[in-house]
Amino acid sequence: MNALERVRRCMMIGFEEVDIMDPLTPEPLKRWGSPTILIDGMDITGAPQGAACNCRIYPGDGNVPTIDEIVDALVRRVKP
């Protein structure tokens, strides 16, 4: 299961997929490693933005955030 499939599985609200290779994508978004999931502009794991487009490695699963990481970030976002 890739990162996008995990986001779809976890989210009941809309989200925006960004193609960091698209020339029309704003430059600041191109500096996040791929795949990265942002909520309100912040990485769900708290990782900082990089200096350039690159691949992303996550602990555990390796190349995608876990479902628990995604759900935890969503829960933190909606808690008052």
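For the structure itself, consult the block above.
Basis of the calculations
Each chain carries its own residue numbering, running from 1 in the written order of its sequence. Under the rules for a predicted model, residues below a pLDDT of 70 receive no local features and side-chain atom pairs below 80 are neither given nor counted, while totals for whole chains, interfaces and linings still include all residues. Each side-chain value is worked out from all heavy atoms of the structure, with water and hydrogens disregarded. Helix and strand assignments come from DSSP, with helices taken as H or I runs of at least 4 residues and strands as E runs of at least 2, each series counted from the N terminus. Exposed residues in this analysis have more than 50% of their type's maximum accessible area, buried residues have under 20%, and partly exposed residues fall in between, with area computed by a 1.4 Å probe over protein chains only. Contact between two residues is taken to exist if any of their heavy atoms lie within 4.5 Å; hydrogens are not considered. Computed with a 1.4 Å probe, the accessible areas rest on the Shrake-Rupley method; for each residue, only the protein chains presented here act as cover. By nonpolar core we mean a set of buried residues, namely Ala, Val, Leu, Ile, Met, Phe, Trp, Tyr and Cys, connected to one another through side-chain atoms within 4.5 Å. Take a side-chain nitrogen of Lys or Arg and a carboxyl oxygen of Asp or Glu: if they are within 4 Å of each other, that pair is a salt bridge. Polar contacts here mean pairs of N or O atoms no more than 3.5 Å apart (in protein, one a potential hydrogen donor and the other a potential acceptor; neighbouring residues in sequence count only if both atoms are side-chain atoms). When two cysteine sulfur atoms lie within 2.5 Å, the pair is treated as a disulfide.

Engineer: Explanation requested: the overall build of the protein in the structure shown.
Structural biologist: When helices and strands are tallied, the protein shows 3 helices and 2 strands. Listing each helix as α and each strand as β along the protein from the N terminus yields α-α-β-β-α. Sorting the 80 residues of the protein into buried and exposed places 28% on the buried side. Sequence separation of at least 24 residues holds for 39% of the intrachain contacts in the protein that already meet a minimum separation of 6. Carbon and sulfur atoms provide 57% of the accessible area of the protein, an area that totals close to 5,700 Å².

Engineer: Honestly, the nonpolar core in this entry has me stumped. Any pointers?
Structural biologist: One broad trend across soluble globular proteins is that nonpolar side chains are buried collectively. In this structure, Val-7, Ile-37, Ile-39, Ile-44, Ile-70, Ala-73 and Leu-74 together form the largest nonpolar core, which totals 7 residues. For this core, the leading source of residues is helix H3 (residues 67–78), giving 3 residues.

Engineer: Before we go on, may I ask you to explain the pattern of salt bridges in this structure?
Structural biologist: Charged atoms that come close allow side chains of opposite charge to pair. Under the criterion given, the structure shown has 2 salt bridges. When the shortest N-O distance is used, the salt bridge between Lys-30 and Glu-27 registers 3.6 Å. Taken as a pair, Lys-30 and Glu-27 lie in helix H2 (residues 27–30) at a separation of 3 residues, close to a single helical turn. On the accessibility criterion, Glu-27 (49% relative accessible area) is partly exposed.

Engineer: What is the right way to read the environment of Glu-17 from this model?
Structural biologist: Along the chain, Glu-17 turns up in the loop between helix H1 (3–10) and H2. Each C-alpha atom, one on Glu-17 and one on Ile-37, is 9.3 Å from the other, the two residues being 20 residues apart in sequence. If we ignore the near neighbours within four places in the chain, the residues touching Glu-17 are Leu-4 and Arg-8.

Engineer: Mind showing me how you'd approach the side chain of Thr-25 here?
Structural biologist: As for its position among the elements, Thr-25 is in the loop between H1 and H2. Note on Thr-25: relative accessible area 9%, which makes it buried. Separated by 2.6 Å, the side chain of Thr-25 and the backbone oxygen of Asp-19 make a polar contact. Excluding anything up to four places from it in sequence, Thr-25 contacts Val-18, Asp-19, Ile-20 and Lys-30.

Engineer: How should unusual backbone geometry be read in this particular structure?
Structural biologist: That bond from Ser-34 to Pro-35 is cis: its omega, 5 degrees, falls within 30 degrees of zero. As for its position among the elements, Pro-35 is in the loop between H2 and strand S1 (38–39).

Engineer: Any chance you could explain the state of the cysteines here in plain terms?
Structural biologist: Structurally, a disulfide amounts to a covalent bond that connects the sulfur atoms of two cysteines. Counted according to the given criterion, the structure contains 0 disulfides. Cys-55 provides the cysteine sulfur closest to Cys-53, a residue in no disulfide bond, and the two sulfurs are 7.5 Å apart. When its relative accessible area of 72% is taken as the criterion, Cys-55 is described as exposed.

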